[in-house]
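Here is what each chain is made of, one letter per residue.
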Amino acid sequence: MHKDSKIYVAGHRGMVGSAIVRKLQSEGFSNIITRTSKELDLRSQFAVDNFFQEERPAYVFLAAAKVGGIQANNTYRAEFLYDNLMIEANIIHSAYKYEVEKLMFLGSSCIYPKLAPQPLKEEYLLTGPLEPTNEPYAIAKIAGVKLCEAYRDQYGCNFISVMPTNLYGYNDNYDLSNSHVLPALIRKFHEAKEAGAPAVTVWGTGSPRREFLFADDLAQACLYLMAHYNERELVNIGTGEDITIKELALLVKEVVGFEGDLEFDTSKPDGTPRKLMDVSKLHRAGFKHSTSLSEGIALAYADFKNKFVEV
Ligand SMILES: NC(=O)C1=CN([C@@H]2O[C@H](COP(=O)(O)OP(=O)(O)OC[C@H]3O[C@@H](n4cnc5c(N)ncnc54)[C@H](OP(=O)(O)O)[C@@H]3O)[C@@H](O)[C@H]2O)C=CC1
Ligand SMILES: C[C@H]1O[C@H](OP(=O)(O)OP(=O)(O)OC[C@H]2O[C@@H](n3cnc4c(=O)[nH]c(N)nc43)[C@H](O)[C@@H]2O)[C@@H](O)[C@@H](O)C1=O
């Protein structure tokens, strides 16, 4: 990727896409193109084809998707499958048709079987049943991986797939019904502290384990792999460390400064018991994350207060 290469970041207003754009800009890439979903609905084959025909990007980061936490995935099952299949199929096919030099597809750690051995190695893909709450999203993401492989096999396209672990950071979604756990906990503890509430409700049993990566570290990994990784096999992106949801809640509670109790709502699903990434391939490729979980939560909480809390 040269500093003046034309680079399309799909999903640039999202948490990940905005982190990728910031990283590209800070490294001096000057020819970044973006479209909001209003300007270009990536589910439309016609619109996506026209866009690629006119713009002819040389590099594509595919970070646009229908995204959400466990409840959103389980509720909007049709959109999580349909939107994601359409977005990926349209962009990947157009990238082939209009001779994109390299494309990076972002999947997710939920593509691995629910009860796969831990840590999750890349080769565990398609070795067992998926977690039911996010099966539609996972099936779409697996289709994206297979599209990249198929266009590489048949047409020699340099399309690579990366699988990020659970992410958090700047520009996260703080909607309590649809968000992921970390932004939800930041908001819940903040609001409970402000209201002087006695307790915060945490979904599920608190026993599932999750791994969390700061989105700016993910963006740095994406730029690094775009520059250095050209293989067919997917690559996990994570920290290689996980904690229980209860431990996470206690950490967020401390960062926010809430002094009440935790309550567990076991009518809500736990989801996958554990999805710890094996990051040895990423480390061998030459990349390691730099933001610790407590540092990252403090940065995310500051961003939340900046955007959503009146002073
Ligand atoms: N967040 C996480 O924990 C994880 C995320 N990922 C993956 O990382 C990628 C980015 O996720 P994240 O940044 O968190 O998601 P966000 O929800 O923050 O952002 C998604 C972006 O996709 C765009 N988008 C959605 N639908 C369409 C559409 N029909 N047409 C055009 N654009 C669309 C939105 O554009 P607009 O704002 O213009 O509407 C939005 O900016 C996704 O592929 C996701 O699967 C993987 C693992 C974990
Ligand atoms: C990134 C990943 O995100 C999704 O999977 P998930 O990891 O299960 O997502 P989550 O962040 O929403 O929850 C993690 C854990 O945390 C618990 N939990 C507690 N309290 C809250 C809470 O208040 N909100 C939420 N959302 N979860 C909570 C929750 O019950 C669960 O046990 C996938 O659907 C899939 O799309 C995907 O790829």
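Right above here is the structure, for reference.
What you see is a predicted model; the values in this text were computed from it and never measured. As a convention, each chain's residues are numbered from 1 in the sequence order in which they are written. Ligands are numbered from 1 and chains lettered from A, in the order in which they are written. Predicted model: local features are reported for residues with pLDDT of at least 70 only, side-chain atom pairs are reported and counted for 80 or more only, and whole-chain, interface and lining totals are derived from all residues. Excluding hydrogens and water, the side-chain figures rest on all heavy atoms present in the structure.

The next thing to look at is the site of ligand 2. Near residues are defined by distance, with any heavy atom within 4 Å of the molecule or strand qualifying the residue. Surveying the vicinity of ligand 2 reveals 22 residues, the closest of which are Ser108, Lys188, Arg210, Pro269 and Asp270. Note that an oxygen atom of ligand 2 is positioned 2.6 Å from one of the backbone N or O atoms of Asp270. Only the protein chains shown count as cover for residues, and all accessible areas are computed by the Shrake-Rupley method using a 1.4 Å probe. Burial of ligand 2 by the surrounding chains reaches 98%, relative to a free accessible area of 690 Å². Strands are runs of DSSP state E lasting at least two residues, helices are runs of H or I lasting at least four, and both sets are numbered from the N terminus onward. Of all elements in the fold, only helix H3 (70-75), helix H6 (181-195) and strand E7 (199-203) reach the threshold of two or more residues within the shell around ligand 2. Ranked by residues supplied to the shell around ligand 2, first place goes to H6 with three residues. Between N or O atoms, a polar contact is any pair within 3.5 Å; within protein, one atom must be a potential hydrogen donor and the other a potential acceptor, and residues adjacent in sequence are included only when both atoms are from side chains.

Let us now look at the pattern of salt bridges. Think of a salt bridge as a Lys or Arg side-chain nitrogen and an Asp or Glu carboxyl oxygen that are within 4 Å of each other. On inspection of all chains with the given rule, the structure shows 16 salt bridges. Here Arg22 ties to Asp216 by a salt bridge, and the two come within 2.9 Å at their closest N and O atoms. Taken together, the positions of Arg22 in helix H1 (residues 15-26) and Asp216 in helix H7 (residues 215-228) put the pair 194 residues apart, joining distant regions of the chain. Its relative accessible area of 22% is what places Asp216 among the partly exposed residues. Measuring nitrogen to oxygen at the nearest pair gives 3.6 Å for the salt bridge that ties Lys23 to Glu27. For each residue, the accessible area found with a 1.4 Å probe, counting protein chains only, is set against the maximum for its type, and the residue is called buried under 20%, exposed over 50%, and partly exposed in between. The class for Glu27 is partly exposed, based on a relative accessible area of 34%. Beyond isolated ion pairs, a larger network of salt bridges with shared partners links Lys146, Glu149, Asp153 and Arg232.

Strands are labelled as partners when DSSP assigns at least two bridges between them. Read from one edge of the open sheet, six strands run E2-E1-E3-E4-E5-E10, paired in parallel fashion. Two strands lie at the open edges of the sheet, namely strand E2 (32-33) and strand E10 (235-237), each paired on one side alone. In this structure, strand E3 (residues 59-62) lies alongside strand E4 (residues 102-106), joined through four bridges in parallel fashion. Of the residues in E4, the one forming a bridge with Tyr59 is Lys102. Contacts are residue-level and defined by heavy atoms, with any inter-residue pair within 4.5 Å sufficient. Think of each axis as a best-fit line through the C-alpha atoms, taken over the contacting stretch in the case of a helix, with angles from 0 to 180 degrees between the N-to-C directions. Against the sheet, H1 engages strand E1 (7-10), E2, E3 and E4, with an angle of about 155° to E1. With respect to the sheet, H7 is in contact with E3, E4, strand E5 (159-164) and E10, its orientation differing from that of E4 by roughly 145°.

Turning our eyes to something else, we now look at the nonpolar core. Formed by 73 residues in total, the largest nonpolar core has its most connected members in Tyr8, Ile20, Phe52, Phe61, Ile91 and Leu103. Ranked by residue count, the leading element in this core is H7, at eight residues. Residues within four places of Phe61 in sequence aside, it is in contact with Met1, Ile7, Tyr8, Val9, Ala10, Ile20, Leu24, Met104, Cys222, Leu223 and Met226. Only buried residues count toward a nonpolar core, which is a set of Ala, Val, Leu, Ile, Met, Phe, Trp, Tyr and Cys residues joined through side-chain atoms within 4.5 Å. Core analysis: the second largest hydrophobic core is formed by 24 residues, Leu185, Val200, Phe258 and Ala300 among them.

So, about the packing of H6 against helix H10 (residues 293-308). For any two helices packed against each other, one specifies the inter-axial angle together with the distance between the axes. At a minimum axis separation of 11 Å, H6 and H10 run at an interaxial angle of 60°. In the packing of H6 onto H10, the handedness of the crossing is right-handed. Of the residues in H10, those touching H6 at Leu182, Ile186, Arg187, His190 and Lys193 are Leu293, Ile297, Ala300, Tyr301, Phe304 and Lys305. Of the residues assigned to the contact of H6 with H10, the class counts are seven nonpolar, one polar and three charged. What makes a crossing left-handed is the near helix being turned counterclockwise from the far one by less than a right angle; a clockwise turn instead makes it right-handed. Each residue gets one of three labels, nonpolar for Ala, Val, Leu, Ile, Met, Phe, Trp, Tyr, Cys and Pro, charged for Asp, Glu, Lys and Arg, and polar for the others, Gly among them.

A few words now on the site of ligand 1. Inspection of the region around ligand 1 gives 26 residues, with Val16, Ser37, Tyr137, Lys141 and Leu167 positioned closest. Between ligand 1 and the protein, one listed contact pairs an oxygen atom with a side-chain N or O atom of Arg13 at 3.2 Å. Between ligand 1 and the protein, one listed contact pairs an oxygen atom with a side-chain N or O atom of Ser37 at 2.6 Å. Compared with its free state, where it exposes 890 Å², ligand 1 has 86% of that area covered by protein.

Its 16 residues place the ends of H10 22 Å apart at the C-alpha level, agreeing with the 22 Å of an ideal helix rising 1.5 Å per residue. Those residues of H10 not exposed but buried are Leu293, Gly296, Ile297, Ala300, Tyr301, Asp303 and Phe304. One side of H10 holds all its buried residues, which, seen down the axis, span an arc of 160°. Buried residues belonging to H10 abut strand E6 (166-168), H6, strand E9 (212-214), strand E11 (243-244) and helix H8 (245-256). In this analysis, the expected span of each helix is defined as 1.5 Å times one less than the number of residues it contains. This arc corresponds to the set of directions leading from the helix axis out to the C-beta atoms.

Take the environment of Asp270 next. Within the element layout of this structure, Asp270 appears in the loop between strand E12 (261-265) and helix H9 (280-285). We classify Asp270 as partly exposed; its relative accessible area is 26%. Residues Asp270 and Met1, spaced 269 residues apart in sequence, show a C-alpha to C-alpha distance of 41 Å. What Asp270 contacts, discounting residues up to four positions off in sequence, is Ile70, Gly204, Thr205, Gly206, Ser207, Pro208 and Arg210. A polar side-chain atom of Asp270 sits 2.7 Å from a polar atom in the side chain of Thr205.

So, to be careful, I would describe these as geometric facts and stop short of saying anything about function.
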